[in-house]
Amino acid sequence: MENERTSSSPSTAGLAPSRSMRAKFLREVAEAGLAGDPGPRARVTEAELAALPATAQRYLRFMRVVGRPRVWSFRARWTGVFRARPDQPWKACEAWQYDTRLGIARIFHMRLRYGLMPLLVRDTYVRGEGRMLGRMLDTISVVDEASAKIDTGELVTYLNDAILFAPSMVLGPETTWTAVDDGSFDVALTDHGRTVTARVFVDERGAVTDFSTTDRYVNDPDPPGDMVQARWSTPVAGWMIVDGRPVARGGTALWHFPTRDFAYATFTLADGDIEFDVAPAPPGAGAHERVRA
């Protein structure tokens, strides 16, 4: 099988930070009607982990969740590269995202440039509904998809975010943890009557090395066709400590097709570009405010 995971790509330094993009992202998060008050937050206890599979416990201890209040949201900025098809060149990109446990929501904006034409892509999951929207100059739609398939894909992407950055966001009755072996476990998340499942692979420390699911859909690029269900994985490119918490330093997003693996995005999280337990930004949040841990 041909594997494109190691195919050459430009530096993941990405585009220079865009103040206008950040301001637009903060405004749209604020206008999404997301809850902003988590109320009292209990600390995660050893007793909560005791009922989980041993491998999942090892992972959660590596993530240092025990003794800490449950994370209820995070906001992050990424730089990296992206391409929509295997035959396309890599494009430098910048991305912002906001995830919250209060109602389970995810808002993701990515900016990249085709020549002089900036493209802004939005992936959202709010109140059980997903949407994928891409606009040139943020005015001309090149993709606008909303369906049950998109709902499922966006929910499992939220699960991916939580596993890599804030697992206490999914420590609750909506999540099921299932034993597999000493190097992996399965995790399932239910929201709005929809359940998604993934397999999480960890090393001897409990650090995630990969996340794999078949609960995502993609327009098959080879040859181009309708949206099909395909395995999706996000191998992790190392870990770092931010605010006393291990977080994934970055990674690659891959589609696994019958004839090949297609790496379509690589993202890097700079130190200080993630903040936990933040309310949806107010509409007037200044573009000069820096998100930092």
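Scroll up a little and you will see the structure.
Residues numbered from 1 in each chain as written. Predicted model: local features only at pLDDT ≥ 70, side-chain atom pairs only at ≥ 80, totals over all residues. Heavy atoms only, no water.

Enquirer: Lay out the overall build of the chain in plain terms, naming residues and giving numbers.
Expert: Check the secondary structure of the chain and you find four helices and 17 strands. The proportion of buried residues among the 293 residues of the chain is 54%. Put simply, 56% of the contacts in the chain that link residues at least 6 apart link residues at least 24 apart. Counting every atom, the chain has about 12600 Å² of accessible surface; 53% of that belongs to carbon and sulfur. (Helix = DSSP H or I, 4+ residues; strand = E, 2+ residues; numbered from the N terminus. Buried < 20%, exposed > 50% of the residue type's maximum accessible area, 1.4 Å probe, protein only. Contact = heavy atoms within 4.5 Å. Areas by Shrake-Rupley, 256 points an atom, 1.4 Å probe, with all protein chains shown as cover.)

Enquirer: Quick one: what's the story with empty space enclosed by the protein, residue by residue and with numbers?
Expert: In this structure the tally under the stated criterion is one cavity of 30 Å³ or more. Of the voids in this model, the largest cavity is the one considered here, and its volume is about 90 Å³. Surrounding the largest cavity, 13 residues form its lining, Met63, Val65, Val71, Ser168 and Arg245 being those nearest its centre. Broken down by class, the residue content of the lining of the largest cavity amounts to nine nonpolar, one polar and three charged. (1 Å grid on protein atoms, 1.4 Å probe; cavity = no way out; pocket = protein on both sides within 12 Å on 5 of 7 lines; lining within 4 Å. Points joined across faces, edges and corners; volume = space filled by probe spheres on them. Nonpolar A, V, L, I, M, F, W, Y, C, P; charged D, E, K, R; others polar.)

Enquirer: Describe unusual backbone geometry, and please don't skip the residues or the numbers.
Expert: Glycine aside, residues mostly have negative phi angles, and peptide bonds mostly take the trans form. Residues other than glycine seldom take positive phi values, yet Leu137 does so here, at roughly 55°. As for its position among the elements, Leu137 is in the loop between strand 6 (129–136) and strand 7 (140–145). Even without glycine at this site, Asp138 takes up a positive phi of about 60°. Along the chain, Asp138 turns up in the loop between strand 6 and strand 7.

Enquirer: Residue-level account of a nonpolar patch on the surface, with values.
Expert: Among the surface-exposed residues, Met117, Leu137 and Ile140 lie close enough to one another that they form a single nonpolar patch of about 260 Å² accessible area. Positionally, Met117 belongs in strand 5 (residues 117–126). Judged by its relative accessible area of 34%, Met117 falls in the partly exposed class. (Patch = residues over 30% accessible without salt bridge, like charges linked within 9 Å, V, L, I, M, F, W, Y side chains within 5 Å. Salt bridge = Lys/Arg side-chain N within 4 Å of Asp/Glu carboxyl O.)

Enquirer: Please give an account of the pairing of strand 8 (residues 175–181) that cites residues and values.
Expert: For strand 8 and strand 9 (residues 184–191), the ladder comprises six bridges, and the chain directions are antiparallel. Note that in strand 9 the partner of Trp177 across the bridge is Val187. Two successive antiparallel strands, strand 8 and strand 9, enclose a turn made up of two residues. (Pairing = 2+ DSSP bridges.)

Enquirer: A description of the layout of surface pockets should follow, citing residues and the corresponding values.
Expert: What the second largest pocket holds in volume is close to 300 Å³. Glu28, Ile107, Thr124, Val126 and Arg131 are, among the 14 residues lining the second largest pocket, the residues nearest its centre. Elements that contribute at least two residues to the lining of the second largest pocket include exactly strand 4 (105–114), strand 5 and strand 6.

Enquirer: Please provide a residue-by-residue account of helix 4 (residues 148–165), values included.
Expert: Taking 1.5 Å of rise per residue, the 18 residues of helix 4 would be expected to cover 26 Å, and the 26 Å separating its terminal C-alpha atoms lies within 8% of that figure. Counting buried positions along helix 4 yields 16 of 18 residues, so the element is predominantly enclosed. (Expected span 1.5 Å × (residues − 1).)

Enquirer: Account for the packing of aromatic side chains, naming residues and giving values.
Expert: Enumeration according to the criterion identifies 13 aromatic pairs in this entry. Ring centres of Tyr59 and Phe185 lie 5.5 Å apart, and the angle between their planes is 35°; on these two criteria the pair is classed as tilted. On the criterion of sequence distance, the pair formed by Tyr59 in helix 3 (residues 54–62) and Phe185 in strand 9 is long-range, its members being 126 residues apart. The burial state of Tyr59 is the same as that of Phe185; both residues are buried. For the ring pair Phe82 and Tyr264, a centre distance of 5.9 Å and an interplane angle of 85° mean the geometry is edge-to-face. Of the two residues, Phe82 sits in strand 2 (residues 73–82) while Tyr264 sits in strand 16 (residues 260–268), which places them 182 residues apart along the sequence. Using a relative accessible area of 17% as the deciding quantity, one classes Phe82 as buried. Members of the aromatic cluster, connected to one another through ring pairs, are Phe74, Trp78, Phe108, Phe165, Phe267 and Phe276. Note that Arg216 overlies the ring of Trp232, its terminal NZ or CZ placed 4.4 Å from the centroid. (Phe/Tyr/Trp six-rings, centres within 6.5 Å; stacked < 30°, edge-to-face > 60°. Lys NZ or Arg CZ within 6 Å of the ring centre and 35° of its normal.)

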